[in-house]
Amino acid sequence: MILISPSLLSADWSCFGEEVTALEKAGADWIHVDVMDGHFVPNITFGSRLVKAIRPFTTRPLDVHLMIAPVDPYIEAFVEAGADILTLHPEAGFHPHRSLQHIRKLGLKAGLALNPGTPVQMLEPLLEEVDLILVMTVNPGFGGQTFLDSQLPKIEAVRKMIDYKGLDILLEVDGGITAETAKKSREAGAHVLVSGTSIFKDGPQSYAKNIQSLR
Ligand code: DX5
Ligand code: ZN
């Protein structure tokens, strides 16, 4: 099973609703929303209002990647806006365990994202509280960067950890995903692929073909 989660970072920002409709038609499994604050990462994008605005345009899960610090004060707003998955970085607050518990308590899936510089050991004490692990294969902040092969052993290590403990956790990768790096990521054990550049290139008429080529 492979799930494709196109990142709206690379969409046409003048018409997010239409873009989401086009992605769903093209076979997207989830919609990935990259929230950036210009503080945790060196770029600013959008907040919960965008999630609320696109919610009526799709029945697909909204996979919200929070690159904001602090993260806790904004969790409820994203829940109310209609997100399905909220993924945070462990460095985005003093108590990631509590933040993950909070997300789950509000009825959403809780995700934890590991930056290229964040060790896999960070996960161990949090594993029981996560539904999804996101391994970043670029430094967060921008689309269009080159996939870091150095992160493949981390994907493998996370896969082993999940399987060894028999946990029901989704393993997602994000950053520089192309047909070639999708294959490497899959072989390393990931089965949810986030992609911006590779899906949005050549406009809406190519979304289905681009999603298919990643699959
Ligand atoms: C980067 C974001 C990614 C980004 C991926 O901080 O988390 O989701 O949009 O874009 P590509 O596929 O272009 O690397
Ligand atoms: Zn992302």
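Residues numbered from 1 in each chain as written. Chains lettered and ligands numbered in written order. Predicted model: local features only at pLDDT ≥ 70, side-chain atom pairs only at ≥ 80, totals over all residues. Heavy atoms only, no water.

1. A closer look at the site of ligand 1
The local shell around ligand 1 holds 20 residues, among which Asp34, Gly141, Asp174, Gly196 and Thr197 are the closest. One of the side-chain N or O atoms of Asp34 is found 2.7 Å from an oxygen atom in ligand 1. More than half of the atoms of ligand 1 fall within 2 Å of the grid points belonging to the largest pocket. Looking at the shell around ligand 1, the elements that each hand over two or more residues are strand E2 (31–36), strand E3 (62–67) and strand E8 (192–195). The leading source of residues in the shell around ligand 1 is E2, at three residues. (Near = heavy atom within 4 Å. Polar contact = N/O pair within 3.5 Å; in protein donor to acceptor, adjacent residues only side chain to side chain. 1 Å grid on protein atoms, 1.4 Å probe; cavity = no way out; pocket = protein on both sides within 12 Å on 5 of 7 lines; lining within 4 Å. Sits in = over half its atoms within 2 Å of the grid points. Helix = DSSP H or I, 4+ residues; strand = E, 2+ residues; numbered from the N terminus.)

2. Brief notes about the environment of Leu86
As for its position among the elements, Leu86 is in strand E4 (residues 85–88). Taking the relative accessible area as the measure of exposure, Leu86 reaches 0% and is therefore buried. Note: C-alpha distance between Leu86 and Val130 (44 residues apart in sequence) is 10 Å. Setting aside its immediate chain neighbours within four residues, Leu86 contacts Val64, Leu66, Ile75, Phe78, Val79, Ile103, Leu108, Lys109, Ala110 and Gly111. (Buried < 20%, exposed > 50% of the residue type's maximum accessible area, 1.4 Å probe, protein only. Contact = heavy atoms within 4.5 Å.)

3. Considerations on the coordination of the zinc ion (ligand 2)
Six octahedral donors at a metal ideally form angles of 90 or 180 degrees, and four tetrahedral donors ideally form angles of 109.5 degrees. At 2.1 to 2.3 Å from the zinc ion (ligand 2) lie its protein donor atoms, namely His32 (NE2), Asp34 (OD), His65 (ND1) and Asp174 (OD). If you list the donors of the zinc ion (ligand 2) from N- to C-terminus, the spacing comes out as H-x1-D-x30-H-x108-D. Of the two residues, His32 and Asp34, both sit in the buried class. (Donors = N, O, S within 2.8 Å, 3.2 Å for Na, K, Ca; no water.)

4. Points about the side chain of Thr58
Tracing the backbone shows Thr58 in the loop between helix H2 (48–54) and E3. Residue classification places Thr58 among the buried positions, given a relative accessible area of 6%. There is a polar contact of 2.3 Å between the side chain of Thr58 and the side chain of Glu24. Of note is the side chain of Thr58, whose polar atom sits 3.0 Å from the backbone nitrogen of Arg60. Sequence-distant contacts of Thr58, that is, excluding residues within four places in its chain, are made with Val20, Glu24 and Ile31.

5. Thoughts on the layout of surface pockets
Roughly 280 Å³ of internal volume is contained in the largest pocket. As for the largest pocket, its lining consists of 27 residues, and the residues nearest its centre are Phe142, Gly143, Gly144, Gly175 and Gly176. Listing elements by their share of the lining of the largest pocket, those giving two or more residues are E2, E3, E8 and helix H7 (197–200). Among the residues making up the lining of the largest pocket, the classes are represented as 10 nonpolar, 15 polar and two charged. (Points joined across faces, edges and corners; volume = space filled by probe spheres on them. Nonpolar A, V, L, I, M, F, W, Y, C, P; charged D, E, K, R; others polar.)

6. Description of the UniProt feature "binding site: substrate" (unreviewed entry) in the protein
In the UniProt entry, the feature "binding site: substrate" (unreviewed entry) is given for Ser7, His65, Gly141, Phe142, Gly143, Gly144, Asp174, Gly175 and Gly176. Of the annotated positions mentioned, Ser7, His65, Gly141, Phe142, Gly143, Gly144, Asp174, Gly175 and Gly176 line the largest pocket. Its place among the elements puts Gly143 in the loop between strand E6 (132–136) and helix H5 (152–165). With respect to the element layout, Asp174 can be found in strand E7 (residues 170–174). Excluding anything up to four places from it in sequence, Asp174 contacts His32, Asp34, His65, Leu134, Val135, Met136, Thr137, Val138 and Val194. (UniProt positions renumbered as here; feature names shortened; annotations may be inferred.)

7. A short note on the nonpolar core
Core analysis: the biggest nonpolar cluster contains 61 residues, and Leu8, Val33, Val64, Leu86 and Ile133 have the highest contact counts within it. Residue contributions to this core peak at five residues, all from H5. Of all hydrophobic cores here, the second largest spans 10 residues; its members include Ile85, Ala113, Leu134 and Val192. (Core = buried A, V, L, I, M, F, W, Y, C linked by side-chain atoms within 4.5 Å.)

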